[in-house]
Amino acid sequence: MYKLITCDMDETLLNEKRQIGAKTVAAIKAAVAKGVYFVPNTGRSFHSIQDNLETLGLLQKADSYVISYNGGVVVENQGLKIKLTAGMDFSVAKALLELGLSQGYCVHVYTVNDLYIWNQTQTDIDYLTGRVDDWTQMLADDKMDFLTSETITKVIVEILTEEERVAFRDLAESKFTDLNITFSSDRYVEFNSTTADKGQATLKLAQSLGIKSEEIIAIGDNGNDLSMIRIAGLGVCMANGRDFVKAEAQYVTTNDYNHDGVAEVIEKFVLNDERGD
């Protein structure tokens, strides 16, 4: 029996209207009522999905959790209590910011509670609006030294073509060794500490709850979801997911994120208690 479902948000749980379909809401609530943990697992801040938690009946719920910043933070929903952090070295984060700005890109720097954006583009604003409630725009020559006492959970760089994203990843890999680098939403290169990814955070949370890896379902669509898909008893890729993610998943949904693909998984493998063999 599966005991924990961890699920990506954008292009997975949320449809193109940035909402959770009614069928998916009903399936998640039924799974939770059955005693299954439903854990959103997002690259974004936990603050940005509080309205989604309310929709799912998980807002401020005790013994209910969110994994955010690609595994940089695990938080309990009741009281927004931080259970785990896996931050980046400040000097590395600062160097990544400078590298991104030197190439003319938009760069995000995340702390546990805040988001700061340098060289923000209109495409970035359009994408974030409706997903992220608040951020601070920085000037291109603003330094990030004021964040030296903060935990830096993630740095991301907006790059709109895949060829350029791959080139920037390769450039960063040539300069830094202690980084976990992934792609998301076909627009961002995401940088975390090697101690932070969605899979590691899922395993740590599951272990704290007495849940085995084979009792986990992980659902995602893109590169930053691979780590959790790989560690789960049932790794799932959405129908709209990238081909390289589908290749590693044990199950690919028939329905995409606009047609309750997450509900399909929950109904098949949790509510009807099928195994992902």
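Residues numbered from 1 in each chain as written. Predicted model: local features only at pLDDT ≥ 70, side-chain atom pairs only at ≥ 80, totals over all residues. Heavy atoms only, no water.

## Concerning the state of the cysteines
Tallied over the entire structure, the rule returns zero disulfides. Residue Cys237 stays outside any disulfide, its sulfur separated by 12 Å from that of Cys7, the closest cysteine. Residue class for Cys237 comes out buried when judged on its relative accessible area of 0%. (Disulfide = S-S within 2.5 Å. Buried < 20%, exposed > 50% of the residue type's maximum accessible area, 1.4 Å probe, protein only.)

## A closer look at a negative patch on the surface
Taken together, the side chains of Asp51, Glu54, Asp114, Asp133, Asp134 and Glu150 define an acidic patch exposed on the protein surface. For Glu150, the location among the structural elements is in the loop between β8 (136-138) and β9 (152-158). Residue Glu150 is classed as partly exposed on the basis of its relative accessible area of 42%. (Patch = residues over 30% accessible without salt bridge, like charges linked within 9 Å, V, L, I, M, F, W, Y side chains within 5 Å. Areas by Shrake-Rupley, 256 points an atom, 1.4 Å probe, with all protein chains shown as cover. Salt bridge = Lys/Arg side-chain N within 4 Å of Asp/Glu carboxyl O. Lys, Arg positive; Asp, Glu negative; His and termini not counted. Charge placed at Lys NZ, Arg CZ, Asp CG, Glu CD. Helix = DSSP H or I, 4+ residues; strand = E, 2+ residues; numbered from the N terminus.)

## Focus on the packing of aromatic side chains
All chains considered together, the criterion is met by seven aromatic pairs. Ring plane angle 75° and centroid distance 6.1 Å describe the contact between Phe168 and Phe191, whose orientation is recorded as edge-to-face. Taken as a pair, Phe168 in helix α5 (residues 162-175) and Phe191 in strand β11 (residues 188-192) lie far apart in primary sequence, 23 residues in all. When the ring of Tyr251 is compared with that of Phe269, the centres are 5.0 Å apart and the planes differ by 80°; the resulting orientation is edge-to-face. Of the two residues, Tyr251 sits in strand β14 (residues 251-252) while Phe269 sits in helix α9 (residues 261-271), which places them 18 residues apart along the sequence. The burial state of Tyr251 is the same as that of Phe269; both residues are buried. Grouped by ring-pair contacts, the aromatic residues Tyr105, Phe168 and Phe191 constitute a single cluster. Stacked on the ring of Tyr127, the Lys or Arg Arg131 has its end atom at 3.9 Å from the ring centre. (Phe/Tyr/Trp six-rings, centres within 6.5 Å; stacked < 30°, edge-to-face > 60°. Lys NZ or Arg CZ within 6 Å of the ring centre and 35° of its normal.)

## A closer look at the sheet that holds β8
Spatial ordering of the open sheet is given by β8-β7-β6-β9-β11-β10, a layout of six strands whose pairing is mixed. The open sheet has two free edges, formed respectively by β8 and β10 (180-184), since each of these has just one partner strand. Between one strand and the next, the sheet's axes are offset by a mean angle of 20°, whatever the strand orientation. Note that β9 and β11 share four bridges and pair antiparallel. (Pairing = 2+ DSSP bridges. Axes fitted to C-alpha atoms, helices over the stretch in contact; angles between N-to-C directions.)

## Quick notes on the sheet that holds strand β1 (residues 4-7)
As summarised here, the arrangement of the five strands in space is β2-β1-β12-β13-β14, forming an open sheet in which the pairing is parallel. Edge positions in the sheet fall to β2 (37-40) and β14, since each of these pairs with one other strand and no more. Across four bridges, the pairing between strand β12 (residues 216-220) and strand β13 (residues 234-237) is parallel. When the bridges of β13 are listed, Ile219 appears paired with Val236.

## Points about helix α1 (residues 22-33)
Look at α1: 16 Å from first C-alpha to last across 12 residues, which is about the 16 Å you get at 1.5 Å a residue. Among all positions in α1, only Thr24, Val25, Ala27, Ile28, Ala31 and Val32 are buried. One face of α1 carries all of its buried residues, which in axial projection span an arc of 165°. Relative to its buried face, α1 has exposed residues pointing more than 90 degrees away, namely Ala22 and Ala33. The elements touched by buried residues of α1 are β1, β2, α2 (50-56) and α9. Directly beyond the C-terminal end of α1, a positive phi value near 100° is found at Gly35. (Expected span 1.5 Å × (residues − 1). Arc of directions from axis to C-beta. Contact = heavy atoms within 4.5 Å.)

## A short note on the pattern of salt bridges
Per the counting criterion, the structure on display carries 15 salt bridges. The closest approach of N and O atoms between Lys3 and Glu215, which form a salt bridge, is 3.3 Å. Here Lys3 is found in the segment before β1, whereas its partner Glu215 is found in the loop between α6 (198-208) and β12, with 212 residues between them in sequence. For Glu215, a relative accessible area of 13% gives the class buried. For Lys94, the salt bridge is made with Asp145, and the minimal N-O distance between the two is 2.9 Å.

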